[in-house]
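Below, each chain spelled out in residue letters.
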Amino acid sequence: MSKDIGKFIANNRKLSGFKTKREFANTTNISEATISRIERNIQKPNAETLKVFARYLKSTSLVELMVICDYWEEEDLLEPINFEEKIKETPVSYATNEKEFLNNLELSDKELMQQFNIQLDGEIITDDEAKNLITYLRFLRSQQK
């Protein structure tokens, strides 16, 4: 199977709410020129760049990015990677491990909403929905202690 790294990253950038390379560059502090070279398959992203991308690409994970860029072996994964152009679901837990997500519950509601662009049925949830979700997650966390 031929891997189109640039197309995969560009698709996930758009699915994660970044319509332009400039918008993604401003968020990640990685130059627009670098992002452009990566998306055009001129430059392979290094592992550190992928770690930064993974923080903001909510429709994929660091694991997928590392496999697609041949830093890790696909055989080591529990599930195969979907190379299709459209990804139907973008759960936050896919891009963020549970421990990291739960640790982030220590942030204020506003900080949490800014850090995670949570999507439901392909649309970013509203501020009110995000607040309700955060309240529910805090409740669940309190029940685990």
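Every value quoted in this text rests on a predicted model; they were computed, and no experiment measured them. (Residues numbered from 1 in each chain as written. Predicted model: local features only at pLDDT ≥ 70, side-chain atom pairs only at ≥ 80, totals over all residues. Heavy atoms only, no water.)

Student: Go over the overall build of the chain, please, and point to the residues and values.
Tutor: For the chain, the count of helices and strands is nine helices and two strands. Reading the helices (α) and strands (β) of the chain from amino to carboxyl end gives α-α-α-α-α-α-α-α-β-β-α. Partitioning the intrachain contacts of the chain with sequence separation of at least 6 by distance along the chain shows that 57% fall at a separation of at least 24. With an accessible surface of roughly 9,500 Å², the chain has 49% of that area assigned to carbon and sulfur atoms. (Helix = DSSP H or I, 4+ residues; strand = E, 2+ residues; numbered from the N terminus. Contact = heavy atoms within 4.5 Å. Areas by Shrake-Rupley, 256 points an atom, 1.4 Å probe, with all protein chains shown as cover.)

Student: Which residues make up the packing of aromatic side chains, and what are the values?
Tutor: Scanning the entire structure with this criterion turns up two aromatic pairs. Ring centres of Phe18 and Phe24 lie 5.0 Å apart, and the angle between their planes is 55 degrees; on these two criteria the pair is classed as tilted. With relative accessibility at 0%, the residue Phe24 sits in the buried group. Summarising the aromatic geometry, the rings of Phe24 and Phe53 are spaced 5.0 Å apart at their centres and angled 45 degrees between planes, so their arrangement reads as tilted. Here the residue Phe24 occupies a position in helix 2 (residues 21-28), and Phe53 occupies one in helix 4 (residues 47-56), the gap between them amounting to 29 residues. Phe53 gets classed as buried once you look at its relative accessible area, which sits at 0%. Here the aromatic cluster, defined as three or more aromatic residues joined through ring pairs, consists of Phe18, Phe24 and Phe53. (Phe/Tyr/Trp six-rings, centres within 6.5 Å; stacked < 30°, edge-to-face > 60°. Buried < 20%, exposed > 50% of the residue type's maximum accessible area, 1.4 Å probe, protein only.)

Student: Tell me about the packing of helix 2 against helix 4, residues and numbers included.
Tutor: The N-to-C vectors of helix 2 and helix 4 enclose an angle of 105 degrees; their axes lie 10 Å apart at closest approach. Looking at the two axes, helix 2 sits roughly perpendicular to helix 4. Of helix 4, the residues touching helix 2 (which contributes Phe24, Thr27 and Thr28) are Val52, Phe53 and Tyr56. Here the residues of the contact of helix 2 with helix 4 are counted per class, giving four nonpolar, two polar and no charged. (Axes fitted to C-alpha atoms, helices over the stretch in contact; angles between N-to-C directions. Parallel < 35°, antiparallel > 145°, perpendicular 65-115°, else oblique. Nonpolar A, V, L, I, M, F, W, Y, C, P; charged D, E, K, R; others polar.)

Student: Now, about helix 4: what can you tell me, with residues and values included?
Tutor: Looking at helix 4, one finds that the buried residues are Thr49, Leu50, Phe53, Ala54 and Tyr56. Seen end-on, helix 4 carries its buried residues on one side only, within an arc spanning 160 degrees. Facing away from the buried side of helix 4 by more than 90 degrees, the exposed set consists of Glu48 and Arg55. Sitting at the amino-terminal end of helix 4 is Asn46, which places a side-chain oxygen 3.1 Å from the backbone nitrogen of Glu48. (Arc of directions from axis to C-beta. Polar contact = N/O pair within 3.5 Å; in protein donor to acceptor, adjacent residues only side chain to side chain.)

Student: I'd like to hear about the pattern of salt bridges, residue by residue, with values.
Tutor: Under the defined criterion, the tally for this structure stands at four salt bridges. Notably, a salt bridge pairs Glu32 with Arg22, separated by 3.3 Å at the nearest N-O pair. Taken together, the residues span a long stretch of sequence, with Glu32 in helix 3 (residues 32-39) and Arg22 in helix 2 at a distance of 10 residues. A relative accessible area of 54% places Arg22 in the exposed class. (Salt bridge = Lys/Arg side-chain N within 4 Å of Asp/Glu carboxyl O.)

Student: Break down the packing of helix 2 against helix 3 for me, with residues and values.
Tutor: Running from N to C, helix 2 and helix 3 point in directions that differ by 120 degrees, and their axes come no closer than 8 Å. The orientation of helix 2 relative to helix 3 falls into the category oblique. Classified by chirality, the crossing of helix 3 by helix 2 is right-handed. On the side of helix 2, the interface is formed by Lys21, Arg22, Phe24, Ala25 and Thr28, while helix 3 contributes Glu32, Ile35, Ser36 and Glu39. Looking at the contact of helix 2 with helix 3, its residues break down into three nonpolar, two polar and four charged. (Left-handed = near helix turned anticlockwise from the far one by under 90°.)

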